[in-house]
Amino acid sequence: MSFLIFLFIIFNFSVHQTFAVTATPSAETTQDIVDLVQQKVKEKLNLITTPSSQPKAFIGNITQIDQNQITTTFQNKTQVISVGESTIYVDTKKNKTKFTSLKVGQTILSMGYLNESNGLDAKRIVIIDPKSAENTNQIVTGQIVDISKSSPIMVIIPLKDKNNQYQIKTDTKTEIVNLSGKKITSDSLASGKKVVVIIQPDPKISKTFYATKIISLESTNTVSPTPTVKP
Amino acid sequence: MYPFYHQLVPICGIIYVNSMIKELILAIILGSLLGLGVTGGYLALHKKDIKNNPSKQIEITTPTNTPATTISETPKQTSPISISSPESDALVSTDQITIKGTTSPNSLIIITTASQTFSDKSDAKGNFSVAIKLDSGINSVKISAIDQSNNQFDTSTNITYSTAKI
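These figures come from a predicted structure and were not determined experimentally.

*Asks:* Mind laying out the overall build of chain B, listing which residues take part and the relevant values?
*Replies:* When helices and strands are counted, chain B shows 1 helix and 8 strands. N-terminal to C-terminal, the α/β element order of chain B is α-β-β-β-β-β-β-β-β. Counting only residues that meet the buried cut, chain B has 28% of its 166 residues in that class. In the structure as shown, chain B presents an accessible area of about 11400 Å², 58% of it carried by carbon and sulfur atoms.

*Asks:* Tell me what's going on with the pattern of salt bridges, and back it up with residues and numbers.
*Replies:* Counted according to the given criterion, the structure contains 4 salt bridges over all chains. Where Lys56(A) meets Glu87(B), a salt bridge forms, and the shortest distance between an N and an O atom there is 3.1 Å. Of this pair, Lys56(A) sits in strand E1 (residues 56–65) while Glu87(B) is found in the loop between strand E1 (81–85) and strand E2 (90–92), placing the two residues in two different chains. Among the residues examined, Lys56(A) registers a relative accessible area of 8% and is labelled buried. Asp154(B) is the salt-bridge partner of Lys160(A), the closest N and O atoms lying 3.1 Å from each other. Separated into two different chains, Lys160(A) in the loop between strand E9 (153–158) and strand E10 (166–169) and Asp154(B) in strand E8 (residues 152–161) make up a pair that spans both.

*Asks:* Break down the nonpolar core for me, citing the residues and quoting the values.
*Replies:* Core analysis: the biggest nonpolar cluster contains 16 residues, and Ile99(B), Ile111(B), Ile132(B), Leu134(B) and Val141(B) have the highest contact counts within it. Those elements that place two or more of their residues in this core are strand E3 (96–103), strand E4 (108–112), strand E6 (127–133), strand E7 (137–146) and E8 of chain B. Discounting residues that sit within four places of it in the chain, Val141(B) has contacts with Asn135(A), Ile99(B), Ile111(B), Thr112(B), Thr113(B), Ile132(B), Leu134(B), Thr155(B), Ser156(B), Thr157(B) and Ile159(B). Membership of the second largest hydrophobic core comes to 14 residues, among which are Met154(A), Ile156(A), Ile176(A) and Phe209(A).

*Asks:* So what's going on with the confidence of the model for chain B? Which residues, and what values?
*Replies:* Averaged over all residues, the pLDDT of chain B equals 76, while 63% of them reach at least 70. Contacts for the low-pLDDT stretch residues 48–78 of chain B, under 50 throughout, to residues beyond four places or in other chains number 12 contacts.

*Asks:* Account for the pairing of strand E12 (residues 194–201) of chain A, with residues named and values stated.
*Replies:* All names here are of chain A. As judged from the 6 bridges shared by strand E8 (residues 138–147) and E12, these two strands associate in the antiparallel manner. The residue bridging Thr 141 from the neighbouring strand is Val 196, located in E12. What sits between the antiparallel neighbours E12 and strand E13 (residues 208–216) is a turn of 6 residues, in which Lys 207 has the positive phi angle 60°.

*Asks:* Describe the pairing of E8(A), naming the residues involved and giving the relevant values.
*Replies:* Residues and elements named next belong to chain A. Direction of pairing for E8 relative to E9: antiparallel, over a ladder of 5 bridges. Considered in E9, the bridge of Ile 144 is made with Ile 156. Between the antiparallel neighbours E8 and E9 lie 5 residues.

*Asks:* So what's going on with the side chain of Asp147(B)? Residues and values would help.
*Replies:* Here Asp147(B) is to be found in the loop between E7 and E8. Lacking a salt bridge, the buried Asp147(B) has Lys194(A) as its closest oppositely charged neighbour, with an N-O distance of 10 Å. Of note is the side chain of Asp147(B), whose polar atom sits 2.9 Å from the backbone nitrogen of Ser149(B). In this view, Asp147(B) contacts Ser104(B), Ser107(B) and Phe153(B); residues no more than four positions away in its chain are not counted.

Criteria and thresholds
- Residue numbers here run from 1 along each chain, matching the order of that chain's written sequence.
- Here every chain gets a letter starting at A, and every ligand a number starting at 1, in the order they are written.
- Reporting of local features is limited, given that this is a predicted model, to residues whose pLDDT is at least 70; pairs of side-chain atoms are given and counted only at 80 or more, and all residues count toward the totals for whole chains, interfaces and linings.
- Excluded from the side-chain calculation are hydrogens and water; included are all heavy atoms of the structure.
- Numbering goes from the N terminus for both helices and strands, where a helix is a DSSP run of H or I of at least four residues and a strand is a run of E of at least two.
- To sort residues, take the accessible area from a 1.4 Å probe on protein chains only and compare it with the maximum for the residue type: under 20% means buried, over 50% means exposed, and anything in between is partly exposed.
- Computed with the Shrake-Rupley method and a 1.4 Å probe, the accessible areas treat only the protein chains shown as cover for residues.
- We define a salt bridge as a side-chain nitrogen of Lys or Arg found within 4 Å of a carboxyl oxygen belonging to Asp or Glu.
- Put simply, a nonpolar core is a bunch of buried Ala, Val, Leu, Ile, Met, Phe, Trp, Tyr and Cys residues held in one set by side-chain atoms that sit within 4.5 Å of each other.
- In this analysis, two residues are considered to be in contact whenever any of their non-hydrogen atoms come within 4.5 Å of each other.
- pLDDT: the predictor's confidence for each residue, scored from 0 to 100.
- Any two strands are treated as partners once DSSP identifies two or more bridges connecting them.
- Neither His nor the chain termini are counted; the positive set is Lys and Arg, and the negative set is Asp and Glu.
- Any pair of N or O atoms that falls within 3.5 Å is considered a polar contact. Within protein, one atom must be able to donate a hydrogen and the other to accept it, and sequence-neighbouring residues count only if both atoms are side-chain atoms.

Structure (structure tokens):
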């Protein structure tokens, strides 16, 4: 009798285990699925985080030169440039040069592709004059506070910084347009009007700028409200 | 004649054997209960572990055509002006490119390179697309958006135009 009871218990236990195995995945299967999910997540993350295959060009001042690597900085941003045997070097006169001609303090334009560590694998490095990369144009939205009728000079106070002011010169090359892009005459500009000016500093006179374009922000179809009499 | 206690020996033996069977049955029942208890405890702990570590929770479903994993994109932070194309520090082989981005609706967009100025307006959704012409070499491109309240937002990007093979 005890033997029968023993058999019953063993049978019961084995049946329970069999159902348990079929109801939940085994440890190996679970690990496989976890690995698969992790792989898929990695692939998606790589798509988001890996650098694009588009070519890149970085400007920067050389701060360090190592055997196969150059470190540059531009606007407080550091960029590591990796060089190889196939990297081409060009000097300021557009002549081919060598890696050894690069010096700390030079400004270079490095062209190539980003690698996995966001460094640039440089294919071409051009030593450039830093001034050639400058864009001295300034875009200022402001209000005309003074405009000369005898000379092409006006004073503008920027809306962002009312403690500042710009003395702006215009000439026949200055393009004056309204919001629609249509050309208007300088007579349309008057004190109190709001404009956007694209200006460049006058190299001869300090704090004076030359306007290449003026866009009037005043609406051309301004309709003054007509008072209505309510009954 | 045997003494009376001699007759008790077989009776005690039967009683002793009977008590052994009972103990055996009791032991088997207790053993099976212990086994069930251990199994139940293991399953309960396993269930708790899955609950505490959702990463371990596996849901087996029938395969469908939809991707197995979907990563929901976090909504992009809205800024006064953002450039979607071209990428920052892009190297292009043509001097004609289009600057695309988003800003406030119906804003005036002004883009300058070192030598030229371009202007346009953003649409009702704030999208803009302005074709510009690049100078040879590196171009520091300044982009400004002036909204309908005359607030100005600025950004800039470097784009290099070169026909050299990279």
